[in-house]
Amino acid sequence: MAYKILSPASNISRPCLRRLPHRTQPIPQLPQRRYISAYGYEQAKALTFSEYGDPPAVLSLHSHSISPPHNNLMTLRFLASPINPADINQIQGVYPSKPTFTTSLGTPNPIAVAGNEGVAEIIALGDKVKSEGYKKGDWVFMKGPGFGTWRTHAAATTDQVVKLDDAMREGITPLQAGTVSINPCTAYRMLRDFSMLKEGEWFIQNGANSGVGRAAIQLGKKWGYRSINIIRGRDDKNAEEKLKQDLKDLGADVVITDAELQAQGIKDQAKSWTENGRAKIKLALNCVNGKAATAMAKLLSSNAHFVTYGAMSKQPLTIPASMLIFKDIHFHGFWVSKWAEREPEEKQRTVADVLDMHRSGEFRDTPFDKISWEWETKGDELIAKVKDTLEGYREGKGVFVFGKT
Ligand SMILES: NC(=O)c1ccc[n+]([C@@H]2O[C@H](COP(=O)([O-])OP(=O)(O)OC[C@H]3O[C@@H](n4cnc5c(N)ncnc54)[C@H](OP(=O)(O)O)[C@@H]3O)[C@@H](O)[C@H]2O)c1
């Protein structure tokens with residue numbers, strides 16, 4: 001039984017038009033199949049939105065076709081795309097980097113594809129792309145935010161992607177490649193670029209069980225830094241102990257809850273961890289804010305650096321003036337997207353370093369909640385998974401893992 005797709009007349013991607021065969025007999029109930037065009041048009045699905053809002057309310061699964069690539073275009077098939085907090089903020093319209101709203105996916109009104117991070121393989125490419133050293137089967141990740149990675153396929157140009165060359169890709173899983181470019185790079189740069197920590201010196205961080213936090217623990221361990229790690233307490237104390245132990249297994253020296261951080265006597269405890277205060281706590285990494293972040297800043301040594309890179313509690317960051325005047329704590333913000341724009345080559349080196357650590361077994365995967373995305377997977381199922389990730393206290397980061405698309 002042959003199904004064909006009517007080829008759009010131009011190269012602009014259009015929604016898929018299918019010519020169905022005439023039938024007189026009842027159609028047998030076969031599993032839904034992907035339609036392959038005889039003319040090289042790729043069928044694609046994407047989680048898209050046409051207006052900002054609550055993700056479950058504004059997301060929908062959109063089908064469209066992609067023209068065969070020519071000249072400087074390539075067709076990508078996605079392998080793994082995570083659901084990061086920033087993706088949610090972007091759909092809500094509260095993230096500084098905006099996605100591209102376009103009608104090029106065949107809708108009358110502009111839509112944007114959600115998601116900012118992921119890895120894809122090249123399945124077809126134009127001559128100019130070939131002449132730049134790309135080939136079928138190469139893996140690429142997105143150069144910057146806003147590309148739209150929650151999709152089975154996409155058309156891209158070389159200036160939108162970064163190729164993982166064959167050596168860099170060796171021994172690396174799609175999940176590792178699809179999640180290397182944001183969280184590990186953020187942790188890496190924050191540990192390296194704000195305070196010259198020496199071996200044996202300490203940093204302190206909240207959100208320690210996040211993707212960034214786990215990366216910071218492992219990188220810190222490799223470089224000889226010691227770490228105090230703050231997590232949110234769990235109602236289930238066994239689960240809390242297990243989480244503490246998981247982070248210690250990654251290399252964390254101390255793991256405490258935000259309640260323990262704010263309890264009486266924490267300063268004395270911190271002294272007991274840091275050779276009576278002789279070993280300095282020179283750096284804090286903050287993605288939470290609110291009272292727990294202020295409490296974390298109070299443990300810093302004079303002249304230390306406090307880097308804010310997230311706002312998970314949605315609370316403001318409050319800093320007592322004395323920290324600035326008498327302790328000379330330096331407060332900074334960090335955004336990996338801006339850094340990567342400024343330092344594209346350094347970003348490549350950072351990614352390469354983390355992938356090397358993966359290969360050598362020094363860098364363990366963040367626990368993942370793998371969300372299987374097959375061609376037949378319904379939009380409702382995918383959107384329900386996005387909704388799940390809005391809840392805290394999760395055991396793993398949601399990642400779309402693409403199967404037979
Ligand atoms: N500035 C940058 O360049 C940059 C780059 C990457 C990430 N980030 C930011 O870094 C943070 C972590 O991102 P990720 O992808 O690593 O996270 P993730 O792996 O998805 O984990 C989410 C983390 O947020 C915590 N959390 C959730 N709701 C919270 C709340 N209401 N109060 C306090 N903590 C809460 C979770 O703790 P529980 O387990 O207790 O829920 C968990 O530790 C996010 O704010 C993200 O936007 C910033």
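Residues numbered from 1 in each chain as written. Predicted model: local features only at pLDDT ≥ 70, side-chain atom pairs only at ≥ 80, totals over all residues.

As named in an unreviewed UniProt entry, the chain is enoyl-[acyl-carrier-protein] reductase, taken from Setomelanomma holmii. Its UniProt record, at the heading Subcellular location (unreviewed entry), says of the chain: "Mitochondrion". Looking at the Sequence similarities (unreviewed entry) heading of the UniProt record, one finds this comment for the chain: "Belongs to the zinc-containing alcohol dehydrogenase family. Quinone oxidoreductase subfamily." (UniProt positions renumbered as here; feature names shortened; annotations may be inferred.)

**Let's talk about the nonpolar core**
Among the nonpolar cores identified, the biggest contains 97 residues, and Phe-203, Ala-284 and Met-296 are the most heavily contacted of them. Sequence-distant contacts of Phe-203, that is, excluding residues within four places in its chain, are made with Leu-191, Leu-197, Gly-220, Tyr-225, Ser-227, Ile-281, Lys-282, Leu-283, Ala-284 and Leu-285. (Core = buried A, V, L, I, M, F, W, Y, C linked by C-beta atoms within 7 Å. Buried ≥ 20, exposed ≤ 12 C-beta atoms within 10 Å, placed from the backbone. Contact = placed C-beta atoms within 7 Å.)

**A closer look at the sheet that holds strand S13 (residues 254–257)**
In space, the six strands of this open sheet follow the order S13-S12-S11-S14-S15-S16, with parallel pairing throughout. Bordering the open sheet on either side are S13 and strand S16 (330–333), each of which pairs with just one other strand. Direction aside, neighbouring strands of the sheet carry axes that sit 20 degrees apart on average. Where strand S11 (residues 202–205) lies against strand S12 (residues 226–231), four bridges are found, and the strand directions are parallel. Along S12, the bridge assignment pairs Phe-203 with Ser-227. Running over the sheet, helix H7 (residues 211–222) touches S11, S12 and strand S14 (281–286) and is turned about 165 degrees from S12. (Pairing = 2+ DSSP bridges. Helix = DSSP H or I, 4+ residues; strand = E, 2+ residues; numbered from the N terminus. Axes fitted to C-alpha atoms, helices over the stretch in contact; angles between N-to-C directions.)

**Focus: the sheet that holds strand S4 (residues 60–66)**
Read across the open sheet, the three strands follow the order S4-S3-S6; overall the sheet is antiparallel. The sheet is open, and its two edges are formed by S4 and strand S6 (112–113), each paired on a single side. Two strands pair when backbone bridges link them, and strand S3 (residues 42–49) and S4 are joined in this way by seven bridges, in the antiparallel orientation. From the neighbouring strand, Ala-44 faces S4, where its bridge partner is His-64.

**Quick notes on the pairing of S13**
Where S12 lies against S13, four bridges are found, and the strand directions are parallel. Across the sheet, Ile-231 pairs through a bridge with Thr-257, a residue of S13. As for the winding sense of the linkage, the β-α-β connection from S12 through helix H8 (residues 237–250) to S13 is right-handed. (Right-handed = clockwise from strand over helix to strand, strands pointing away.)

**What about the site of the ligand?**
Around the ligand lies a shell of 25 residues, among which Ser-210, Gly-211, Gly-310, Val-336 and Gly-392 are the nearest. The set of elements that each furnish at least two residues to the shell around the ligand consists of helix H2 (85–92), helix H6 (183–193) and H7. Its residues assigned to classes, the shell around the ligand shows 12 nonpolar, 10 polar and three charged. (Near = placed C-beta within 6 Å. Nonpolar A, V, L, I, M, F, W, Y, C, P; charged D, E, K, R; others polar.)

**Brief notes about the environment of Ala-216**
Among the secondary structure elements, Ala-216 is positioned in helix H7. Sequence spacing of Ala-216 and Met-168 is 48 residues, and the spatial spacing of their C-alpha atoms is 21 Å. Those residues in contact with Ala-216, other than ones at most four positions away along the chain, are Ala-187, Leu-191, Gln-205 and Leu-285.

**With respect to the pairing of strand S7 (residues 119–125)**
Examined bridge by bridge, strand S5 (residues 73–82) and S7 share six bridges and lie antiparallel to one another. In the sheet register, Phe-78 faces S7, and the bridge partner there is Ala-120. Sheet analysis places S7 next to strand S8 (residues 139–142), joined by three bridges and oriented antiparallel. Counterpart to Glu-121 in the pairing with S8 is Trp-139.

**Quick word on helix H14 (residues 344–360)**
One turn of the α-helix equals 3.6 residues, which is why residues spaced by three or four share an orientation. Over its 17 residues, H14 extends 25 Å from the first C-alpha to the last, a length consistent with the 24 Å expected when each residue adds 1.5 Å. Those residues of H14 that sit buried are Lys-347, Thr-350, Val-351, Val-354 and Leu-355. Down the axis, H14 shows its buried residues gathered within 130 degrees of arc, on one side only. Turned more than 90 degrees away from the buried face of H14, the exposed residues are Glu-345, Arg-349 and Ser-360. Lining the buried residues of H14 we find helix H4 (166–169), H6 and helix H13 (336–342). Looking one or two residues beyond H14, the residue adopting positive phi is Gly-361, at roughly 80 degrees. (Expected span 1.5 Å × (residues − 1). Arc of directions from axis to C-beta.)

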